[in-house]
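Working through the structure, step by step
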Amino acid sequence: MDARRIVESLVFSAVRKKAAEWGEDAEVSVSLEIPRQESHGDFSTNAAMQFAGRLGRKPRAVAEEIMSALREEDRRGRFASLAIAGPGFINIVLSEEFWREVLMVALEKGPRFGASKVGGGKTVHIEFVSANPTGPLHVGHGRGAAVGDALARILEFTGHKVVREYYINDVGNQMDNLGRSLFARYRVLCGRPSNLPEDGYRGEYMIELARDFREEVGDRYAESPEEEALPVFRKEAGDRILRGIRDDLASFRVSYDRWFAERELHDRGLVAAVLADLRERGQLYEADGATYFRSQALGDEKDRVLVRADGRTTYFAADVAYHRLKLRDRFSRMIDIWGADHHGYVARLRAALRGLGEDENRLDVLLVQFVTLIREGKAVQMSTRSGEFTTLREVLDEVGVDAARFFFLLRSYHTHLDFDLTLARTQSRNNPVYYIQYVHARICSVFREAEAQGKTLAGHPPLSILTFPEEVRLMKAVARFPDIVAECAKTLEPHRIPFYLLEVSDLFHAFYHQHRFLGESPERTQARLALALGVKTVVASGLSLIGVTAPDRM
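Below is a summary of the structure that appears in this document. These figures come from a predicted structure and were not determined experimentally. (Residues numbered from 1 in each chain as written. Predicted model: local features only at pLDDT ≥ 70, side-chain atom pairs only at ≥ 80, totals over all residues. Heavy atoms only, no water.)

1. Thoughts on the pattern of salt bridges
- Overall, the coordinates contain 50 salt bridges when judged by the stated rule.
- Two residues, Glu 301 and Arg 304, come together in a salt bridge whose shortest N-O distance is 3.4 Å.
- On the basis of relative accessible area, Glu 301 is assigned to the exposed category, the value being 62%.
- Judged by its relative accessible area of 8%, Arg 304 is buried.
- Note that Glu 376 and Arg 425 form a salt bridge whose closest N and O atoms lie 3.6 Å from each other. Pair noted here: Glu 376 is in the loop between β13 (371-375) and β14 (378-379) and Arg 425 is in helix α15 (residues 421-425), with a separation of 49 residues, a long-range link.
- The exposure class of Glu 376 is exposed, given its relative accessible area of 56%. (Salt bridge = Lys/Arg side-chain N within 4 Å of Asp/Glu carboxyl O. Buried < 20%, exposed > 50% of the residue type's maximum accessible area, 1.4 Å probe, protein only. Helix = DSSP H or I, 4+ residues; strand = E, 2+ residues; numbered from the N terminus.)

2. Details of the sheet that holds strand β9 (residues 290-293)
- Sheet architecture is open: three strands sit in the order β8-β9-β10, paired in antiparallel fashion. Where the open sheet ends on each side, the last strands, each with one partner, are β8 (284-287) and β10 (304-307). For this sheet, the mean angle separating the axes of adjacent strands, direction not counted, is 45 degrees.
- As judged from the four bridges shared by β8 and β9, these two strands associate in the antiparallel manner. For Ala 287, the partnering residue across the bridge sits in β9 and is Ala 290. (Pairing = 2+ DSSP bridges. Axes fitted to C-alpha atoms, helices over the stretch in contact; angles between N-to-C directions.)

3. Points about the sheet that holds β13
- Pairing is mixed across the open sheet formed by three strands, whose spatial order is β14-β13-β15. Single-partner strands in this sheet number two, and they are β14 and β15 (417-420).
- Where β13 lies against β15, four bridges are found, and the strand directions are parallel. Its bridge partner being in β15, Leu 373 is matched across the sheet by Phe 419.

4. Focus: helix α8 (residues 226-251)
- Taking 1.5 Å of rise per residue, 26 residues should cover 38 Å, and α8 covers 36 Å from first to last C-alpha, within 8% of that figure.
- Taken as a whole, α8 carries its principal kink of about 30 degrees at Val 232.
- Within the sequence span of α8, burial applies to Ala 229, Leu 230, Phe 233, Ala 237, Gly 238, Arg 240, Ile 241, Leu 242, Ile 245, Asp 248 and Leu 249.
- Of the surrounding secondary structure, the elements contacted by the buried residues of α8 are α5 (139-157), β6 (161-168), α6 (173-189), α7 (204-217), β7 (258-261) and α13 (392-399).
- Taken from the residues just after α8, Arg 253 is the one with a positive phi, measuring 65 degrees. (Expected span 1.5 Å × (residues − 1). Bend = angle between axes of the 7 residues up to and from the residue. Contact = heavy atoms within 4.5 Å.)

5. A word on the packing of aromatic side chains
- Counting across every chain of the model gives 30 aromatic pairs.
- On the basis of an interplanar angle of 20 degrees and a centroid distance of 6.1 Å, the ring pair of Phe 213 and Tyr 221 is categorised as stacked. When sorted by exposure, Phe 213 lands in the same class as Tyr 221, which is buried.
- Seen from their ring centres, Trp 338 and Tyr 345 are 5.6 Å apart, and the 75 degrees between their planes marks the pair as edge-to-face. Each member of the pair, Trp 338 as well as Tyr 345, carries the same accessibility label: buried.
- An aromatic cluster is built from Phe 183, Tyr 186, Phe 213, Tyr 221 and Phe 233, whose rings are joined through pairwise contacts.
- Directly above the aromatic system of Trp 259 lies the positively charged group of Arg 246, at a separation of 3.9 Å from the ring centroid.
- Geometry around Phe 252 places Arg 405 over its ring, the cationic atom sitting 5.4 Å from the centre. (Phe/Tyr/Trp six-rings, centres within 6.5 Å; stacked < 30°, edge-to-face > 60°. Lys NZ or Arg CZ within 6 Å of the ring centre and 35° of its normal.)

6. Brief notes about unusual backbone geometry
- Of note in the backbone geometry, Ser 130 takes a positive phi value of approximately 45 degrees without being a glycine.
- Assessed through its relative accessible area of 11%, Ser 130 is described here as buried.
- A positive phi angle, close to 55 degrees, is found at Glu 376, a residue other than glycine.

This is how it looks when you write it as structure tokens:
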């Protein structure tokens, strides 16, 4: 039961009725918003202003007629009041009985409260993290992992079939440089003079990889020429780093349905096939020995190289083949989650899809902004080549998985994130994830005490006794959960759930300090236990959707 959907249905029904009388098309954009000020009602609609211009009438007069139609549509008495505000907004206040009705639905549905079938079983492919297997995951990857995994959970909760995929970039110069870097570290450990490649990987993790590898093979490759040893060291480095990435993501509660290697695109001839298709469509031309894609004519800032002068295909060529493969897998929607530094890459990829005659509207690209780690009030410096970066594993070890996931999602991925490691470690109300988890633990404690006193919750609690303003606010907060989840799925913005959970937590903690759940009359005790269970339900579900645990004790 979704309060917004119910009110929308009533508003649209009333608008259609009046539009028919006015001889107007009812299919206009009519919004339904939650006013910022509680005194302005539970919902507000601009329906009257949308029609007033067409009709050549004053919006407030049109609003009067729509309100009359709304009262007729409200056969179950769900509206407590309707009022016109400002230039013609209609403010809607729902009855307390309506909120009690939604609370009862929440109790009946339990963990499935807020779930829906709006996705209609459509398949959604989400590709996220996909860090090159040239080093361990850093905090930027962690934010992308939190966003991608939370979105997958939310979309599944709203009736979508989701496929999570990690794209492994295991082809190209970067892998050669990685192999040479490992070989150089290995030779040093074997007591042989060796210099790192100028563009090699210098992190401490490379020394650890070399040490582990030498423990297995000894000095077998100490005298081997680099080019002869390179295939072995390239594979060892890539495989070992990828295993570390898999382990870190598993520890972060992130799982994938598919791990797709870029090399497979070449082995299956898919890159060659996409080049042939583009050539047949007249989208390629030769210049200076290289093959270019006419991407500028399709919305990119300039044409792009697909095949270098030496015959090697570019990363972009493989990426085009990869996205066409996903489109031909018949996914209804594809979501790519990239770092903000890939901003310029979006236009060229969309241009390639248009050049292939594919529907680019099936692709959404989410750009996740950068993360700055703050420790004791100071920024932590990060550099992937120098080895000074902070890994995701280090963050998890320092603050824990729950805090890491929550803090990564506490701000919209559209904005830069300052991640306060010091705050994330604290166990106080100042730490938002601790503050929210404590609501769940506190409610569990109330129910343990109720059981000890023989005051377990009955099947049909007398919710009509919930009339205090604080009780009504909590019921409204519980009722908003389905709407929040639906908006997250619609906008692809999982940060709305942490915001919502903080609001619910503020209301609950305030209520807890003002009122008692136990020690009241039997009827009030039952009603308040039901209210507490409703809060516990949405807090547990909300935390689950962002991959955070809901502890019973703290």
